[in-house]
Amino acid sequence: MTLSERDKKHNWHPYTQHKTAQFHPAIVKGKDALLWDENGKEYIDAIASWWVNPYGHSNQVIADAIYKQLTTLEHVLFGGFTHEPAVLLSEKLMEILPNNQKKIFYSDNGSTAVEIAIKATLQFFYNKGEKRTKIIAFENAFHGDTFGAMAASGITFFTEAFKGSLIDVIRIPVPTKGSETQSIQTLKNALATNECAAFVFEPLVQGAAGMVMYDAAVLDSMIALCKENTVFTIADEVMTGFGKTGKNFACDYLNNKPDMMCLSKALTGGTIPMAITTFTQEIFDGFWDDDVNKALFHGHTFTANPTGCAAALASIALLQKAEMQNNIQRINQQHLKFQEQIKMHPKVKTTRVLGVIFALEIKRETEESYYGDFRNKLYNFFIDNGIILRPVGNIVYILPPYIISDTQLEKVYKTIEKALEIV
């Protein structure tokens, strides 16, 4: 019996309707931008395994850092204790984060990083005796699958079953080109209610919505409006963080910095689950009190896991290398060349590029569902051709490891071109 066959007996996969799903290839090895399944078939990982492996699979630098840490201290509870890897990581992050970020709260995954930020904003006002029970978020956002993050998300089929069980959210349009004025006015209307604690957003790129992009200037204006109305801003950089947009963080494109940032995915180079929520001093001070009940009562068993911290430190060191920064620019240039080549294709509706992110929207007469037949046809075509891409409806995007070669990128581009001929 193959690994894939054994897998079907017990494993429940994410975002999967198992009655209609095809078999799952069993991956047995990975190196750099490549993965191999149990039959020896090779795949180019063109989405860095859900955006977490920017430095490639089985990266020796990160592996060595993890091994060294495991032989010293694999884990110790962070409630009541601290350790050197967490201290070093917090110091390193302070060097590269926007300078208004002062405090770091560790957790396990991106959804939870957002959850903590939302909880902190709601409790901040509760601690002051103010009733602010709503948050503001974009339409078609995706912030995760825990309840607060799920409430902030605007992709309805993810949340439909839980209506009535979620916190209140005021939804505003994404300020894409032509929609800026409407988006800002809707935000002003929401702020005028004085009921909102925070505005949560994916800065510049909405990942799960299909790499929808908007300008930094309009986000700057929206953050300024929130500051004027004492509403905190939460930048969900789970996807965009650590180089994806061409800068360390998407917020590096902004003049007005958010009050909180949520980090995960590429934080540990795709090795160990870890997440971080960062805060300004003002938010931290809202919990500083003689009353223990005003503390932020949130925690996880593996909070600030030393091995994860060691992996994150090695990952950041790799990101800061000139070679890696050059790779990010190289991929961006390759994407821009491909965009020029493909954007006039009769089946292409739109294209967009930011940093290492490329997205292409295929023309369709009817709106395509997120995990519909058209998307599945595309997905299976790519897998059959040894390319790991996960289209969102009729949108195909590339978000590769930074160490992908030009030859591998060219194969991804050519395979997308072939896909356009069969749809």
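Calculation criteria
- Starting afresh in each chain, residues are numbered from 1 along the sequence in its written order.
- Note on the predicted model: pLDDT of at least 70 is required for a residue's local features to be given, and 80 or more for side-chain atom pairs to be given and counted; whole-chain, interface and lining totals, by contrast, use all residues.
- Hydrogens and waters are ignored; side-chain quantities use all the structure's heavy atoms.
- Here a pair means two rings of Phe, Tyr or Trp (six-membered ring of Trp) with centres within 6.5 Å. Their orientation is stacked below 30 degrees between planes, edge-to-face above 60, and tilted elsewhere.
- Put simply, DSSP marks the helices as runs of H or I at least four residues long and the strands as runs of E at least two long, and each gets a number from the N terminus on.
- Relative accessible area decides the class of each residue, using a 1.4 Å probe on protein chains only: under 20% of the type maximum gives buried, over 50% gives exposed, and in between gives partly exposed.
- Two conditions define a charge sitting above a ring: the NZ of Lys or the CZ of Arg must be within 6 Å of the ring centre, and it must be within 35 degrees of the ring normal.
- Take a side-chain nitrogen of Lys or Arg and a carboxyl oxygen of Asp or Glu: if they are within 4 Å of each other, that pair is a salt bridge.
- Angles run from 0 to 180 degrees between N-to-C directions of axes, and those axes are lines fitted to C-alpha atoms, restricted for helices to the stretch in contact.
- Note on angle classes: values under 35 degrees are labelled roughly parallel, values over 145 roughly antiparallel, values of 65 to 115 roughly perpendicular, and the remainder oblique.
- By convention, the crossing between two helices is left-handed when the near helix turns anticlockwise from the far helix through less than a right angle, and right-handed when the turn is clockwise.
- Contacts between residues were defined by any pair of non-hydrogen atoms, one from each residue, lying within 4.5 Å.
- As a working rule, the residues Ala, Val, Leu, Ile, Met, Phe, Trp, Tyr, Cys and Pro are called nonpolar, Asp, Glu, Lys and Arg charged, and the rest polar, with Gly in that last group.
- Any two strands are treated as partners once DSSP identifies two or more bridges connecting them.
- Buried Ala, Val, Leu, Ile, Met, Phe, Trp, Tyr and Cys residues that are joined via side-chain atoms within 4.5 Å together make up what is termed a nonpolar core.

Draft legend 1. How the structure looks around the packing of aromatic side chains. Using the criterion set out here, one finds 16 aromatic pairs in the structure. Ring plane angle 80 degrees and centroid distance 6.0 Å describe the contact between Tyr 55 and Tyr 402, whose orientation is recorded as edge-to-face. Of the two residues, Tyr 55 sits in the loop between α2 (48–51) and α3 (60–70) while Tyr 402 sits in the loop between β16 (395–398) and α14 (406–422), which places them 347 residues apart along the sequence. Given a relative accessible area of 2%, Tyr 55 falls into the buried group. The interplanar angle of 65 degrees and the centroid separation of 5.3 Å between the aromatic rings of Phe 242 and Phe 249 together place this pair among those described as edge-to-face. The pair Phe 242 / Phe 249 is uniform in exposure class, with both members buried. Here a set of aromatic residues connected by ring pairs shows up, and it is made of Phe 138, Phe 199, Phe 201 and Tyr 214. For the cation-ring pair, Arg 364 lies above Phe 374, with the distance from its terminal atom to the ring centre recorded as 3.8 Å. A cation over an aromatic ring shows up here: Arg 375 above the ring of Tyr 379, its NZ or CZ 4.8 Å from the ring centre.

Draft legend 2. Spotlight on the pattern of salt bridges. Within this structure, the stated rule accounts for 12 salt bridges. As a salt-bridge pair, Glu 130 and Lys 128 come within 3.6 Å of each other at their nearest N and O atoms. Here Asp 406 ties to Arg 330 by a salt bridge, and the two come within 2.7 Å at their closest N and O atoms. Remark: Arg 330 occurs in helix α12 (residues 322–342) and Asp 406 occurs in helix α14; sequence separation between them is 76 residues. For Arg 330, a relative accessible area of 22% corresponds to the partly exposed category. Linked by salt bridges that have partners in common, Lys 128, Glu 130 and Arg 132 make up one network.

Draft legend 3. Local environment of the packing of α12 against α14. Between α12 and α14, whose axes approach to 11 Å, the crossing angle comes to 25 degrees. Judged by the inter-axis angle, α12 sits roughly parallel to α14. Two packed elements cross with a definite hand, and for α12 against α14 that hand is right-handed. Side by side, α12 and α14 meet where Arg 330, Ile 331, Gln 334, His 335, Phe 338, Gln 341 and Ile 342 of the first sit next to Asp 406, Leu 409, Tyr 413, Ile 416, Glu 417 and Leu 420 of the second. Within the contact of α12 with α14, the residues separate by chemical class into seven nonpolar, three polar and three charged.

Draft legend 4. Representation of the sheet that holds strand β7 (residues 196–201) within the structure. The sheet built from seven strands is open, its strands ordered β4-β12-β11-β10-β7-β5-β6 with mixed pairing. Two strands lie at the open edges of the sheet, namely β4 (103–107) and β6 (168–172), each paired on one side alone. With direction set aside, neighbouring strand axes in the sheet form an average angle of 20 degrees. Bridging between strand β5 (residues 134–138) and β7 involves four bridges; their strand directions are parallel. Considered in β7, the bridge of Lys 134 is made with Cys 196. Contacts from helix α4 (residues 84–96) reach β4 and β12 (275–279) within the one sheet, and its direction differs from that of β4 by about 125 degrees. Taken strand by strand, helix α8 (residues 180–191) contacts β5, β6 and β7, and its axis lies near 155 degrees from that of β6.

Draft legend 5. Here's a closer look at the nonpolar core. Core analysis: the largest hydrophobic core is formed by 109 residues, its most contacted members being Phe 242 and Leu 389. Residue contacts for Phe 242: discarding those within four places in its chain leaves Tyr 55, Leu 93, Ile 96, Asn 248, Phe 249, Leu 263, Ser 264, Ala 266, Leu 267, Ile 316, Leu 319 and Tyr 402. The next biggest cluster of nonpolar side chains, apart from the first, holds 24 residues, and it includes Ile 116, Ile 118, Val 200 and Cys 262.

That is the geometry; function is a separate question.
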